[in-house]
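Single-letter residue listing:
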Amino acid sequence: MLDEVRERIRFKHCSVRTERSYVDWIRRFILFRGKRHPREMGAPEVEAFLTHLAGRKPARLPVVLTRTEVQAVLANLEGAHWLMASLLYGAGLRLMECVRLRIKDVEVSRREILVRDGKGARDRVTMLPDALMQSLDVA
């Protein structure tokens, strides 16, 4: 059954990470229900699984840095590492979006960054932060 899921996800051209995530959650659901096949289950089993997930305490809380903390982190970086961290923070890029970014995706005259094939295989436009404009010496 998981092979069928993988095949369908690949047919829809989802990313490998999405495929792994879907398969992992399906596997967790199957194990939670005593290794019963999903076709043998219905809404009550799904509801019980979701209730079980909702009742768990988070292992850790997400960390949100203050502006001062972000500045301190960026002050300790140089070169490509500084640029990438600045794009992650200032332009709201996801890690893989930043890694895949190309020069031609940066539209300096409009202060925009075109993120190609981002989450959900969609393109999107985000802003090029003023601080990076100054650092790139294109202001």
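Residues numbered from 1 in each chain as written. Predicted model: local features only at pLDDT ≥ 70, side-chain atom pairs only at ≥ 80, totals over all residues. Heavy atoms only, no water.

Caption draft 1: Quick peek at the pattern of salt bridges. Counted by the stated rule, this structure contains 12 salt bridges. We note a salt bridge from glutamate 45 to arginine 36, for which the minimum N-O separation is 3.7 Å. The class for arginine 36 is partly exposed, based on a relative accessible area of 29%. Arginine 110 is the salt-bridge partner of glutamate 112, the closest N and O atoms lying 3.2 Å from each other. Residues joined by salt bridges that share partners form a network here, namely Asp3, Arg6, Arg10 and Glu19. (Salt bridge = Lys/Arg side-chain N within 4 Å of Asp/Glu carboxyl O. Buried < 20%, exposed > 50% of the residue type's maximum accessible area, 1.4 Å probe, protein only.)

Caption draft 2: Up close: the packing of helix α2 (residues 16-32) against helix α3 (residues 43-55). It is at 10 Å that the axes of α2 and α3 come closest, and there the two elements cross at 105°. On the basis of their axis angle, the class for α2 and α3 is roughly perpendicular. For the pair α2 and α3, the contacting residues are Trp25, Arg28, Phe29 and Phe32 in the first and Glu45, Val46, Ala48, Phe49, His52 and Leu53 in the second. Here the residues of the contact of α2 with α3 are counted per class, giving 7 nonpolar, 1 polar and 2 charged. (Axes fitted to C-alpha atoms, helices over the stretch in contact; angles between N-to-C directions. Helix = DSSP H or I, 4+ residues; strand = E, 2+ residues; numbered from the N terminus. Parallel < 35°, antiparallel > 145°, perpendicular 65-115°, else oblique. Contact = heavy atoms within 4.5 Å. Nonpolar A, V, L, I, M, F, W, Y, C, P; charged D, E, K, R; others polar.)

Caption draft 3: Spatial organisation of the environment of leucine 136. In this structure, leucine 136 sits in the segment after α7 (130-135). It is 17 Å that separates the C-alpha atoms of leucine 136 and threonine 126, two residues lying 10 residues apart in sequence.

Caption draft 4: Representation of the side chain of threonine 126. Its location among the elements puts threonine 126 in strand β3 (residues 124-127). At 2.8 Å, the side chain of threonine 126 and the backbone oxygen of alanine 91 are in polar contact. Ignoring anything within four residues of it in the chain, the contact list for threonine 126 reads Ala91, Leu93, Arg111, Glu112, Ile113 and Val115. (Polar contact = N/O pair within 3.5 Å; in protein donor to acceptor, adjacent residues only side chain to side chain.)

Caption draft 5: A look at the layout of surface pockets. The space that makes up the largest pocket amounts to roughly 540 Å³. Only α2 and α6 (95-99) provide two or more residues apiece to the lining of the largest pocket. In terms of residues, the lining of the largest pocket owes the most to one element, α2, which gives 4 residues. When grouped by side-chain class, the residues that make up the lining of the largest pocket number 6 nonpolar, 5 polar and 7 charged. (1 Å grid on protein atoms, 1.4 Å probe; cavity = no way out; pocket = protein on both sides within 12 Å on 5 of 7 lines; lining within 4 Å. Points joined across faces, edges and corners; volume = space filled by probe spheres on them.)

Caption draft 6: Geometry of the packing of aromatic side chains. Taken as a whole, this structure holds 2 aromatic pairs when the rule is applied. Relative to phenylalanine 49, the ring of phenylalanine 29 lies with its centre 5.3 Å away and its plane at 70°, an arrangement referred to as edge-to-face. Here phenylalanine 29, found in helix α2, pairs with phenylalanine 49, found in helix α3; they are 20 residues apart in sequence, far enough to count as distant. For the pair phenylalanine 29 and phenylalanine 49, one class covers both residues: buried. Aromatic pair phenylalanine 32 and phenylalanine 49: ring centres 5.4 Å apart, planes at 55°, arrangement tilted. Placement of the pair is phenylalanine 32 in helix α2 and phenylalanine 49 in helix α3, with a sequence separation of 17 residues. Its relative accessible area of 30% is what places phenylalanine 32 among the partly exposed residues. Clustering of aromatic rings is evident, with ring pairs tying together Phe29, Phe32 and Phe49. Here arginine 28 stacks its cationic end above the ring of tryptophan 25, 4.2 Å away from the centre of that ring. (Phe/Tyr/Trp six-rings, centres within 6.5 Å; stacked < 30°, edge-to-face > 60°. Lys NZ or Arg CZ within 6 Å of the ring centre and 35° of its normal.)

This is a description of form; function is not addressed.
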